[in-house]
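Structural characterization, general
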There are 2 protein chains.
Amino acid sequence: MTDVATTKQEIRSRVAAARSAGRSVGLVPTMGALHVGHRALLDRSVAENGFTVCSVFVNPTQFGPSEDFERYPRQLEQDRLLCEAAGADVVFAPSPQEMYASDHTTWVNEERLTEGMCGARRPGHFRGVTTVCMKLFHVVVPDRAYFGCKDYQQLKVIQRMVRDLDLPLEIVPVETVRDADGLAVSSRNQYLSADDRVASLALRRGLLAGREAVRGGERSARAVAETVRGEIVGQGRLQVDYIEVVDAETLEPSAPLSGRVVVAAAVYCGDTRLIDNIVIDVESKE
Amino acid sequence: MTDVATTKQEIRSRVAAARSAGRSVGLVPTMGALHVGHRALLDRSVAENGFTVCSVFVNPTQFGPSEDFERYPRQLEQDRLLCEAAGADVVFAPSPQEMYASDHTTWVNEERLTEGMCGARRPGHFRGVTTVCMKLFHVVVPDRAYFGCKDYQQLKVIQRMVRDLDLPLEIVPVETVRDADGLAVSSRNQYLSADDRVASLALRRGLLAGREAVRGGERSARAVAETVRGEIVGQGRLQVDYIEVVDAETLEPSAPLSGRVVVAAAVYCGDTRLIDNIVIDVESKE
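The rules behind each value
The written sequence of each chain sets the order in which its residues are numbered from 1. All chains are assigned letters beginning with A, and all ligands numbers beginning with 1, in the order in which they are written. The predicted origin of the model limits local features to residues at a pLDDT of at least 70 and limits the giving and counting of side-chain atom pairs to 80 or more, whereas totals for whole chains, interfaces and linings rest on all residues. Hydrogens are left out, water is left out, and the side-chain values use all remaining heavy atoms of the structure. Where each domain starts and ends follows an automatic or database-derived domain assignment. Note on definitions: a residue-residue contact is assigned when non-hydrogen atoms from the two residues lie within 4.5 Å. Two parts placed together each lose some accessible area under a 1.4 Å probe, and the buried area is that loss summed for both. Any Lys or Arg side-chain nitrogen found within 4 Å of a carboxyl oxygen on Asp or Glu counts as a salt bridge. Throughout this description, a polar contact denotes any pair of N or O atoms lying within 3.5 Å of each other; where both atoms belong to protein, one of them has to be capable of donating a hydrogen while the other can accept it, and for residues adjacent in sequence the pair is counted only when both atoms sit in side chains. Counting from the N terminus, the helices are the DSSP runs of H or I reaching at least four residues and the strands are the DSSP runs of E reaching at least two. Strands are treated as partners if at least two bridges between them are detected by DSSP. Between the N-to-C directions of two axes lies an angle of 0 to 180 degrees, each axis being a line fitted to C-alpha atoms and, for a helix, fitted only over the stretch in contact. Here a pair means two rings of Phe, Tyr or Trp (six-membered ring of Trp) with centres within 6.5 Å. Their orientation is stacked below 30 degrees between planes, edge-to-face above 60, and tilted elsewhere. Throughout this description, buried means an accessible area under 20% of the type-specific maximum (1.4 Å probe, protein chains only), exposed means over 50%, and partly exposed covers the range between. Distance and angle both matter: a charge sits over a ring if NZ of Lys or CZ of Arg is within 6 Å of the ring centre and within 35 degrees of the ring normal. The copies are overlaid by a least-squares fit using only the C-alpha atoms of residues whose pLDDT is at least 70 in both copies.

Overview of the domain arrangement of chain A
Residue and element names in this part refer to chain A.
- With domains assigned, chain A is organised as domain 1 (3–174) and domain 2 (187–279).
- Spacing between the C-alpha centres of domain 1 and domain 2 amounts to 26 Å.
- Counting from both sides, the interface comprises 23 residues of domain 1 and, opposite them, 21 residues of domain 2.
- Carbon and sulfur atoms make up 50% of the surface buried where domain 1 meets domain 2, a total of about 2,000 Å² over both sides.
- Applying the counting rule to domain 1 against domain 2 returns four salt bridges.
- As a salt-bridge pair, E244 and R121 come within 3.3 Å of each other at their nearest N and O atoms.
- Run the count over domain 1 and domain 2 and you get 13 residue pairs in polar contact (both at pLDDT 80 or more).
- Elements represented by at least two residues in the side of domain 1 that touches domain 2 include exactly helix 5 (117–121) and helix 7 (152–164).

And the structure:
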């Protein structure tokens with residue numbers, strides 16, 4: 001039976017008991033509405049740790065005022081059952097009031113990797129993400145924390161925060177899980193109509209076309225981005241929020257493209273924002 | 001024998017060994033040039049913990065471009081001997097390169113308590129302080145960390161950071177230590193000439209005069225500040241950087257003065273900046 005802790009004190013005492021029993025601790029931080037992508041994170045944590053905590057917290061500080069905080073799906077009992085099926089030990093599902101004091105005034109800011117991509121389009125988003133992750137890391141004190149690669153920028157920002165602030169834990173990246181049609185699984189996919197869903201596949205097709213262009217010898221980031229854009233807008237139903245082709249570690253321009261690069265894109269399908277990315281090892285020209 | 005660790009890895013392994021032996025860990029974070037004020041912190045940590053780490057790190061990120069980073073006193077062997085005399089177990093004295101990656105981009109910001117007082121006069125100062133303390137807390141992972149009350153704003157900012165970010169440690173405030181003449185001990189006092197030293201006593205006299213005014217029934221923050229200012233500028237040799245009379249917890253205006261307030265001041269004696277403060281319980285009028 002996987003139970004739900006709702007207070008910091010409760011989860012701390014659960015983790016302390018596991019520690020006393022000599023078990024290592026894995027944390028899977030989520031906003032709930034768990035799907036097979038989260039399941040992959042949980043499976044990995046359960047395989048690698050004696051005790052797995054899945055946090056379920058729709059973090060208000062990472063949503064902009066016009067974003068979908070209110071309508072973001074909340075389904076704690078379903079989430080608990082998925083955690084139980086995965087063999088996680090406890091769900092940590094605090095209220096916003098439990099997580100944030102009413103006079104909360106301290107923030108963690110990564111100032112460079114957050115400049116472009118989602119950071120540029122969602123002001124304050126990453127400040128909310130880094131701050132809530134720091135809090136969760138301090139409450140749970142895990143040995144390892146698991147993040148999906150779908151939000152590539154988030155993964156890189158969290159890894160940078162851990163390095164810069166010397167957090168004594170390991171960030172474990174886990175491959176993006178896709179449905180059979182290639183769409184990256186996301187809690188926001190449940191917003192999509194059947195037609196939206198079909199249209200959304202152009203995001204992945206665009207990224208694959210970008211990779212083909214690089215493999216075919218294209219070394220201009222702009223040209224690769226235009227290839228991706230052509231595939232996405234050709235679909236007719238998607239609006240491009242951004243397409244960036246940048247160095248996979250620094251998220252800065254790579255010109256000409258070399259080393260390892262990431263093609264990352266965000267699109268709107270109606271009101272629903274979807275992100276995906278592809279990492280490409282650029283072969284040096286002989 | 002108290003030895004010196006210069007790398008994060010080294011101090012982590014020393015602390016891990018102490019933990020394995022069941023010892024609790026106290027941290028005294030300093031910039032070195034240790035004096036009897038630091039000694040009071042060390043004594044308290046040694047009394048309360050099985051293992052005491054004294055960090056000695058002149059943190060570049062908390063100095064402004066025109067401040068005294070370069071001339072700040074450095075005397076590691078003397079510091080080591082003082083730590084040894086106090087019974088501390090290890091000195092952690094990393095280089096700036098060991099502490100900060102060359103592409104460090106993550107900062108901790110307390111955004112409210114840092115607005116006035118030293119925060120207003122030293123842009124970026126507290127960002128450097130909170131960030132380096134966060135790093136030290138993650139490297140050493142102490143049960144308790146010891147801070148002097150002389151830098152009252154720093155103490156409050158660190159306490160707020162620990163609360164807001166859920167750091168699993170206790171901040172222990174330690175009373176300001178004064179020389180027999182009343183001057184708060186400070187590493188910067190060694191910059192003072194004999195005449196400067198005499199002049200500097202007006203800072204403490206001003207704060208005491210402010211307290212007398214409150215005890216005498218004054219409830220206007222401005223009037224109390226003017227009393228303090230009169231004593232300091234009457235001396236002739238000191239320039240006032242700021243004098244603030246604010247709520248002791250929020251550091252915000254208290255009008256009329258009530259509850260617990262702090263009178264905090266910074267003065268220049270030549271190029272040397274000195275700070276001091278006094279906390280006053282305002283008695284409600286009957």
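Focus: the sheet that holds strand 10 (residues 272–281) of chain A
Residues and elements named next belong to chain A.
- Spatially, three strands are ordered 8-9-10 in an open sheet, and the strand pairing comes out antiparallel. Because the sheet does not close on itself, it has two edges, and the strands there are strand 8 (239–247) and strand 10. Shown here is a sheet whose adjacent strand axes are inclined to one another by a mean of 10°, direction ignored.
- Relative to strand 9 (residues 260–269), strand 8 is paired through eight bridges, and the arrangement is antiparallel. Bridge assignment links I243 to a residue of strand 9, and that residue is A265.
- Across the face of the sheet, helix 8 (residues 194–215) comes into contact with strand 9 and strand 10 while running at roughly 20° to strand 10.

Examining the packing of aromatic side chains
- In the structure shown here, the tally under the stated rule is eight aromatic pairs over all chains.
- With a centroid separation of 6.5 Å and 85° between ring planes, the pair formed by F137(B) and F147(B) is classed as edge-to-face. Of this pair, F137(B) sits in helix 6 (residues 125–140) while F147(B) sits in strand 6 (residues 144–148); the two residues are 10 residues apart in sequence, bridging distant segments of the chain.
- For F137(B), a relative accessible area of 3% puts it in the buried group.
- The buried category is assigned to F147(B), whose relative accessible area is 4%.
- One aromatic cluster is present, formed by F63(A), F69(A) and Y72(A) through successive ring pairs.
- Looking at R71(A), its charged tip hangs above the ring of Y191(A), at a distance of 3.9 Å from the centre.

Concerning the interface of chain A and chain B
- Contact with chain A, which involves 29 residues of that partner, is made by 29 residues of chain B.
- Carbon and sulfur atoms make up 44% of the surface buried where chain A meets chain B, a total of about 2,400 Å² over both sides.
- For the pair chain A and chain B, the interface holds 10 salt bridges.
- Between D103(A) and R160(B) there is a salt bridge, and its shortest N-O distance comes to 3.5 Å.
- For the interface between chain A and chain B, the tally reads 29 residue pairs in polar contact (both at pLDDT 80 or more).

Describing the relation of the copies chain A and chain B
- The transformation that overlays chain A on chain B combines an axial shift of 0.0 Å with a rotation of 180°, and the residual RMSD is 0.0 Å. Here the two chains are linked by the operation of a two-fold rotation axis. Among all residues of chain A, the minimum C-alpha distance to the rotation axis is found for V108(A), at 2.3 Å.
- Both copies share a contact surface, since 100% of the interface residues of chain A are interface residues in chain B too.

Observations regarding the pattern of salt bridges
- Across all of its chains, the model carries 56 salt bridges over all chains by this definition.
- Two residues, K135(B) and D166(A), come together in a salt bridge whose shortest N-O distance is 2.9 Å. Here D166(A) lies in the loop between helix 7 and strand 7 (170–174) and K135(B) lies in helix 6, a pairing that spans two chains. The residues K135(B) and D166(A) share a single accessibility class, namely buried.
- Within the structure, one salt-bridge network assembled from shared partners comprises D103(A), R160(B), R163(B) and D164(B).

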